[in-house]
Amino acid sequence: MQKIYLFYKKTSEMDTYSKLFRSKAKERNIPIVDHLEDATIIASIGGDNAFLQAAQKTNFSPQHTYIGITPDPTTGFYTDFTMNDLDLAFQMMTNEHQSIRSNPILQVIINDETPFYCLNECTIRSNVIKTFVLDVYIDQFHFETFRGDGMIISTPSGSTGYSKSVRGAIIDPTLSSIQVSEIASLNNNHYRTLGTSFVLNADRILTLKVIQDGNDHPIIGVDNEALSIRHAKEVSLSLADHQIHILQKDNYHFWRNVQQNFF
């Protein structure tokens, strides 16, 4: 039997949508539970940011199926259903053969400590109004020394977000990979970087070592959350060994979503 753990931002508008969701669940005798360990499905109400928050707060659980429901008339990249689709959403949640896609997750290890995870991207930026320097390693091979405002390391599904805004490519999420994009790199006779985004295969490990030149406290963000880590000396990034499982419509098509959101 399916049981739902419901996540949404506590506002009057979202409370109204939550009541409608709970009413539909009650009609179908699907329990909404208060504890994650009692659930089989994690449902978010809101936009893609709400979905990312739900995934972060539940630690990208590989044991659960996620579903994103948006109040907007058009779907996002993680919110496959609108509030007008609730009947269909509940029908698909209770189907014996669900249509599910699995998206890669980025693992972020700072100073060899406990890993963080993100679904879209990890960003590392200067915390003051000046450039900072990173030594960039790919599988322990020193690839370049970066000087600039920062870098964005994104998953394929995250390639439609912040990475795209700095002219990164949109990558099909069926390609398990990592995209690395620069934020305002400094390129002149003294400093030189690749100057463009590049894509790494799923088994690569990217390591960023912060050069200690007085600005050694970069701001690091995972998805839409900033990490409270000041003394970041080394950041290791790779695809996690588990993925997040998202309930989708039978006719879901990533490139249709891209077309609807950007054209």
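The preceding data block contains the structure.
First things first, this report covers the structure right here in the doc. (Residues numbered from 1 in each chain as written. Predicted model: local features only at pLDDT ≥ 70, side-chain atom pairs only at ≥ 80, totals over all residues. Heavy atoms only, no water.)

A contiguous nonpolar patch, built from F141, F143 and L194 and spanning about 290 Å² of accessible area, is present on the exposed surface. Within the secondary structure, L194 is located in the loop between strand 11 (177-185) and strand 12 (198-201). (Patch = residues over 30% accessible without salt bridge, like charges linked within 9 Å, V, L, I, M, F, W, Y side chains within 5 Å. Areas by Shrake-Rupley, 256 points an atom, 1.4 Å probe, with all protein chains shown as cover. Salt bridge = Lys/Arg side-chain N within 4 Å of Asp/Glu carboxyl O. Helix = DSSP H or I, 4+ residues; strand = E, 2+ residues; numbered from the N terminus.)

What follows covers the packing of aromatic side chains. Enumeration according to the criterion identifies seven aromatic pairs in this entry. Between F77 and F254, the aromatic rings sit 6.1 Å apart at their centres with planes inclined by 50 degrees, giving tilted as the arrangement. In this pair, F77 sits in the loop between strand 4 (65-70) and strand 5 (81-82) while F254 sits in helix 5 (residues 254-262), placing the two residues 177 residues apart along the sequence. F254 matches F77 in its accessibility class, with the two residues each being buried. An aromatic cluster is built from F77, F254, W255 and F262, whose rings are joined through pairwise contacts. The ring of Y8 is capped by K10, whose NZ or CZ atom sits 4.3 Å from the centre of that ring. The cationic tip of K209 hangs over the ring face of Y137; the distance from NZ or CZ to the ring centre is 4.6 Å. (Phe/Tyr/Trp six-rings, centres within 6.5 Å; stacked < 30°, edge-to-face > 60°. Buried < 20%, exposed > 50% of the residue type's maximum accessible area, 1.4 Å probe, protein only. Lys NZ or Arg CZ within 6 Å of the ring centre and 35° of its normal.)

With that out of the way, let us pick up the pattern of salt bridges. Summed over all chains, the structure comprises five salt bridges. Across the pair D80 and R101 runs a salt bridge, and its minimum N-O distance is 2.6 Å. Taken together, the residues D80 in the loop between strand 4 and strand 5 and R101 in strand 6 (residues 100-110) connect sequence positions 21 residues apart. Since its relative accessible area comes to 10%, R101 is described here as buried. For the salt bridge of D139 with R204, the shortest nitrogen-to-oxygen distance reads 2.8 Å. In this pair, D139 sits in the loop between strand 9 (132-138) and strand 10 (141-154) while R204 sits in the loop between strand 12 and strand 13 (206-210), placing the two residues 65 residues apart along the sequence.

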